There are 2 protein chains.
Amino acid sequence: MTSTSNSTRSSSPLSNGLPTTLSRNEALSLATVTAACVAVLVNVFREPEPSPLIASLALSGLAFVAAFALIRWLGPTFLRAGIKGADLSKRVRRELPECMGGVCAVVYLLAVIVFIPFPFYKDIVAATSGGGNKDVVLPVEHVQRGRFLHRFPHSKLASYLSAIISLQSIALLGIGDDLFDIRWRHKFFIPAFAAIPLLVVYFVDFGVTSVVIPIQLQPYLGELLDLGALYYVYMAAVAIFSPNSINILAGINGIEVAQSIVIALLLSLNDCLYLLTPYPHPATDSHLFSLYFLLPFLGVSLALLYHNWYPARVFVGDTYCYFAGMVFVVVSILGHFSKTLVLLLVPQIFNFLYSTPQLFGLVPCPRHRLPRFNARTNLLEPSVTQWTPDHQPKAPIAWVLRLLGRLRLLRVTLDDEDRFVETSNFTLLNLWLVWRGPLREDRLALEITVLQAALGLFGLFVRHRLALLVFKADNWSLGFNV
Amino acid sequence: MTSTSNSTRSSSPLSNGLPTTLSRNEALSLATVTAACVAVLVNVFREPEPSPLIASLALSGLAFVAAFALIRWLGPTFLRAGIKGADLSKRVRRELPECMGGVCAVVYLLAVIVFIPFPFYKDIVAATSGGGNKDVVLPVEHVQRGRFLHRFPHSKLASYLSAIISLQSIALLGIGDDLFDIRWRHKFFIPAFAAIPLLVVYFVDFGVTSVVIPIQLQPYLGELLDLGALYYVYMAAVAIFSPNSINILAGINGIEVAQSIVIALLLSLNDCLYLLTPYPHPATDSHLFSLYFLLPFLGVSLALLYHNWYPARVFVGDTYCYFAGMVFVVVSILGHFSKTLVLLLVPQIFNFLYSTPQLFGLVPCPRHRLPRFNARTNLLEPSVTQWTPDHQPKAPIAWVLRLLGRLRLLRVTLDDEDRFVETSNFTLLNLWLVWRGPLREDRLALEITVLQAALGLFGLFVRHRLALLVFKADNWSLGFNV
């Protein structure tokens, strides 16, 4: 409908006291980063063999700047549109803009779309009939069919585009989830829909469904096993699990973004290992591809972390969690290292398995399971599920709850007659608080982030050092994707 | 954040009296269409040479069913989330769900993504080493690089995917516009952002920037002229104009969807002309490509029209207008018939040019310019801009307004002292009401739709019959894109 908006952007602080403009220092820093990145980009253009990786770094810097400024500026717009939530773990409950992950997703998508010409630039020049000279007049039949295209890596372009489509899909569906507050049972399958473009293009474009068999099993199964349709089921499972697992390790300021940044950094570290090998290594292209998607993600995520870290001034929304998880899915499936991704998601996998009693309704699941804020101490404590004398868990569940309590995997409070009064909620954050005692919100987020990093580094070590025990060769040293 | 929604879907009619479930007849009809489409799809799978066009028709039918049901079911969810608007041109002003074009866009995108394997299916079978036999074990080096890919039309796949990315981008940005009510000056450029993926992939993938020169100019410019960067400016201009032009010919029930359906039907008719020629015609593939995008669009649009036609039960939102315009841009740019699209947008072009005095601020532009509803007669009358004796148009503008009034291109009301009292607003809908007198809302929408169809058919006739006067050959008969 034709409508001219009469809204005006407020430049004064919000009623909740949050800034809506960049401070002088912030503006100067962002301008400096912008200038540096633009200078790098211009230099990349000038070089005879432009490096896509350097262009990607510069675009990621620009994505950081854009996300940082937009998150600050759009706060009042989001609040006005009613896209907001209250921070439950603070003495003063302020309404904060929600779903800022959507802003990051849009900036990120623009960055990876604008980046498209860089990795393919060299091939364009080689593919043009005049060796890059655009003044050469093409005969009519070439205009009809386009330029000589045989040397152009369309296969990789299609992979790259399918990754963008999957990421856009998850952004669209994630925003829908944030707006409509979809039920848990339904939202669990949102990533499955977003994975369809990835799997469809994998099917028509790549279609490799064989996996390498561990040495010990090769006498029985052969060196390679074609999983066929099962391989698509496996990829769909990874695609559903990764975004959801990040979405359920959530609930305190900064934790969603911090864990995603750690995973992205570890995946980038893994990618860099492959870049150090001599170039025509078969896995190099896959890992460059992965970096092209991870670097801009790190750019927008760092900008978001600045605003979302304790005390948060914005919320990230389900959109961010889904989006982050799907970035990892996209790079690991198209780069053929989805098992490496699984190694980096160990805390998320533990959190999911640990959560199952409540997710599947064996133990009552309250609306929110985030740690309980104690306003007197300003610390977080484990949140609990209440049990009344009339409403006690059934015998087998009671037995398991007591066992978990004895193993210190759950805080169980019993009354004088050995009846359940309360049990801590089944999330990693609550368990950590059971172990470490009450913690301030930022301390808890930091400790979980360090845990994520330590387990991830150990996982990468295992993957590269111990893989030789079960596979003939680690693909890092010898060039085969395990 | 972890959150389990406790909202329940209401199955009773809304407080505004609108149904939220399918009637028995509707459910039966939709089930029949679904069964027929699924049967067709299964048959397509069984055939030795499956026809993508028939698969596209069946998927479009399924898209119609899904959009129809979802628009009905999601009404209460949209109202609860505050995505709603009041219908100004009714005696009883009801709040209706807004932005239902977003639902159509998501269904449409899923349909065109699921469709991907069909046009490429034949090539997959041919490209697999075993001639389609998936049990053939591939040697290790083929697993590394994928299957033999030389016969696979990756070039077309990349075009198809870039089209999807552009359409997803416009859906994302359109939803943002509907949520945040972006200012007119800013929203005008939303389609430009969404066109970036299309232009970038055109650049790396296709890169044809030459146009055929009319015979009369060939002595001066040659047979072909390479516009180079200018060609991208031209494409960007079309991409900005088409979505915006549909967005400003709006404001009464059904007009946005009806005009889009007419344009899509005329583009499909034009495509079908090319399918009647013997197959290895160079333009056939482009026009099949166009049909693959237009048929599902017709599917979701017809479902939306049912709910949006007078008296509307849902609104379409800016999302739909942008999305429709971008579908036309995508098929016409990638199919190389953007000039044909311009011929079909004549009413939109007229509406835009006619609107410029108000869009550019020469004449005051009220918040809404939709026709004025007369509650006494239940008819629409031209809406007006008011002038006071103190606030009169400047001399040159007054001269133009008087001239337009004399040409019957504007309704001008003067007082006894020849001062302006009111002038009708500068939109095609108001002008039509100036000419045809007060009309009921559905009558006005119908007449404008018929006008659109008549002008479009005439445009296609001109394009195919008269093109021979200025070009050596019409590409319909001789095979060259004009």
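Procedures and definitions
Residues numbered from 1 in each chain as written. Chains lettered and ligands numbered in written order. Predicted model: local features only at pLDDT ≥ 70, side-chain atom pairs only at ≥ 80, totals over all residues. Heavy atoms only, no water. Helix = DSSP H or I, 4+ residues; strand = E, 2+ residues; numbered from the N terminus. Buried < 20%, exposed > 50% of the residue type's maximum accessible area, 1.4 Å probe, protein only. Contact = heavy atoms within 4.5 Å. Areas by Shrake-Rupley, 256 points an atom, 1.4 Å probe, with all protein chains shown as cover. Salt bridge = Lys/Arg side-chain N within 4 Å of Asp/Glu carboxyl O. Core = buried A, V, L, I, M, F, W, Y, C linked by side-chain atoms within 4.5 Å. Expected span 1.5 Å × (residues − 1). Axes fitted to C-alpha atoms, helices over the stretch in contact; angles between N-to-C directions. Left-handed = near helix turned anticlockwise from the far one by under 90°. Nonpolar A, V, L, I, M, F, W, Y, C, P; charged D, E, K, R; others polar. Domains from an automatic or database assignment. Buried area = accessible area lost by both parts, 1.4 Å probe. Bend = angle between axes of the 7 residues up to and from the residue. pLDDT = per-residue confidence, 0-100. Pairing = 2+ DSSP bridges. Parallel < 35°, antiparallel > 145°, perpendicular 65-115°, else oblique. Phe/Tyr/Trp six-rings, centres within 6.5 Å; stacked < 30°, edge-to-face > 60°.

A look at the overall build of chain A
Here's step 1: In terms of helices and strands, chain A carries 19 helices and nine strands.
Here's step 2: Here chain A holds 482 residues, and the buried ones make up 55% of them.
Here's step 3: In chain A, once contacts between residues fewer than 6 apart in sequence are set aside, the share between residues at least 24 apart is 71%.
Here's step 4: When the accessible surface of chain A is totalled, it reaches about 20500 Å², and 65% of it is carbon and sulfur.

A few points about the pattern of salt bridges
Here's step 1: Going through the model one piece at a time under the given rule, you end up with 28 salt bridges over all chains.
Here's step 2: With a closest N to O distance of 3.0 Å, D285 of chain B and K156 of chain B form a salt bridge. Placement of D285 of chain B in helix α12 (residues 284-308) and of K156 of chain B in helix α6 (residues 154-180) is noted, with a sequence separation of 129 residues between them.
Here's step 3: Classification of K156 of chain B as partly exposed rests on a relative accessible area of 40%.
Here's step 4: Each of D87, K90 and E441 of chain A takes part in a single network of salt bridges with overlapping partners.

A look at the nonpolar core
Here's step 1: Among the nonpolar cores identified, the biggest contains 199 residues, and I116 and F328 of chain A together with I116 and F328 of chain B are the most heavily contacted of them.
Here's step 2: Those residues in contact with I116 of chain A, other than ones at most four positions away along the chain, are L157, Y160, L161 and I164 of chain A together with V200, V201 and V204 of chain B.

Structural notes on helix α12 (residues 284-308) of chain A
Because the α-helix completes a turn every 3.6 residues, residues three or four places apart line up on one side.
Here's step 1: With 25 residues, α12 of chain A ought to run about 36 Å at 1.5 Å a step, and its terminal C-alpha atoms sit 35 Å apart, in line with that.
Here's step 2: The element α12 of chain A is largely enclosed, with a buried count of 21 among its 25 residues.

A short note on unusual backbone geometry
Excluding glycine, a negative phi dihedral is what most residues carry, and trans is how most peptide bonds are arranged.
Here's step 1: Geometrically, the link from Y310 of chain A to P311 of chain A is a cis peptide bond, its omega value of -10° lying close to zero.
Here's step 2: Here P311 of chain A lies in the loop between α12 and α13 (317-334).
Here's step 3: Unusually for a residue other than glycine, C99 of chain B sits at a positive phi of about 65°.
Here's step 4: The residue C99 of chain B is located in the loop between β2 (95-97) and α3 (100-114) in this model.

Section: the packing of helix α8 (residues 190-205) of chain B against helix α10 (residues 229-248) of chain B
All names here are of chain B.
Here's step 1: Orientation of α8 relative to α10, taken along the N-to-C sense of each, is 145°, at an axis distance of 9 Å. Considering how the two elements wind past one another, α8 and α10 form a crossing that is right-handed. Residues P191, A192, A195, L199, Y202 and F203 of α8 lie in contact with α10, whose contacting residues are Y231, Y232, M235, A236, A239, I240, P243 and N244.
Here's step 2: Grouping the constituent residues of the contact of α8 with α10 by class yields 13 nonpolar, one polar and no charged.

Points about the domain arrangement of chain A
Residue and element names in this part refer to chain A.
Here's step 1: Annotation of chain A at the domain level lists domain 1 (24-130 + 148-344 + 442-469) and domain 2 (372-439).
Here's step 2: When each unit is reduced to the centre of its C-alpha atoms, the spacing between domain 1 and domain 2 is 36 Å.
Here's step 3: Every contact between the two is made by 13 residues of domain 1 and, on the other side, 12 residues of domain 2.
Here's step 4: In total, about 1200 Å² of surface goes out of reach between domain 1 and domain 2, with carbon and sulfur atoms giving 71% of it.
Here's step 5: On the domain 1 side of the interface with domain 2, the three residues burying the most area are R91, L444 and E447, jointly 46% of the side's total.
Here's step 6: Between domain 1 and domain 2 we count one salt bridge in total.

Points about α8 of chain B
Residues and elements named next belong to chain B.
Here's step 1: Spanning 16 residues, α8 covers 24 Å between terminal C-alpha atoms, matching the ideal 22 Å at 1.5 Å per step.
Here's step 2: Maximal helix bending in α8 amounts to about 35°, located at I196; proline P197 follows within four positions.
Here's step 3: In terms of burial, α8 is largely enclosed, as 12 of its 16 residues are buried.
Here's step 4: Taken together, the buried positions of α8 are I190, P191, A194, A195, P197, L198, L199, V200, V201, Y202, V204 and D205.

Considering the confidence of the model for chain A
All names here are of chain A.
Here's step 1: Chain-level pLDDT for chain A is 84 on average; 84% of the residues reach the 70-or-more range.
Here's step 2: Helix α17 (residues 428-436) holds the highest mean pLDDT among the elements of chain A, 96, whereas helix α5 (residues 140-145) holds the lowest, 36.
Here's step 3: Segment residues 1-13 is flagged for pLDDT under 50; beyond a separation of four residues in sequence, or across chains, it makes 34 contacts in the model.

Digging into the sheet that holds strand β8 (residues 412-414) of chain A
Residue and element names in this part refer to chain A.
Here's step 1: One open sheet accounts for three strands, arranged β7-β9-β8; its pairing is antiparallel. Across the chains shown, the open sheet's two edge strands, defined by having one partner strand only, are β7 (384-386) and β8. With strand direction ignored, the average angle separating the axes of adjacent strands in the sheet is 15°.
Here's step 2: The pairing of β7 with strand β9 (residues 420-424) spans three bridges and is antiparallel. Bridged to V384 within β9 is S424.
Here's step 3: Against the sheet, helix α16 (residues 395-406) touches β8 and β9, its axis set at about 60° to β9.

Points about the packing of α12 of chain A against α13 of chain A
Between two packed helices, the angle of one axis relative to the other and the distance separating the axes together describe the packing.
All names here are of chain A.
Here's step 1: As a packed pair, α12 and α13 sit with axes 9 Å apart at the nearest point and diverge in direction by 165°. Compared by their axis directions, α12 and α13 come out roughly antiparallel. For α12 against α13, the interelement crossing comes out left-handed. Across the interface between the two elements, S286, F289, S290, F293, L294, F297, S301 and L304 of α12 pack against Y320, F323, A324, V327, F328, V331 and L334 of α13.
Here's step 2: Taken together, the residues of the contact of α12 with α13 sort by class into 12 nonpolar, three polar and no charged.

Here we look at the pairing of strand β9 (residues 420-424) of chain B
Here's step 1: Both strand β8 (residues 412-414) of chain B and β9 of chain B contribute to a ladder of three bridges, which runs antiparallel. Within the sheet, the bridge partner assigned to V412 of chain B lies in β9 of chain B and is T423 of chain B.

A short note on the packing of aromatic side chains
Residues and elements named next belong to chain B.
Here's step 1: Within this structure, the stated rule accounts for 46 aromatic pairs over all chains.
Here's step 2: For the ring pair F115 and Y160, a centre distance of 6.4 Å and an interplane angle of 40° mean the geometry is tilted. Here F115 is found in the loop between α3 and α4 (117-127), whereas its partner Y160 is found in helix α6, with 45 residues between them in sequence.
Here's step 3: Owing to a relative accessible area of 2%, Y160 belongs among the buried residues under this scheme.
Here's step 4: Aromatic pair Y160 and F289: ring centres 6.0 Å apart, planes at 85°, arrangement edge-to-face. Of this pair, Y160 sits in helix α6 while F289 sits in helix α12, and the two are 129 residues apart along the sequence.
Here's step 5: When its relative accessible area of 10% is taken as the criterion, F289 is described as buried.

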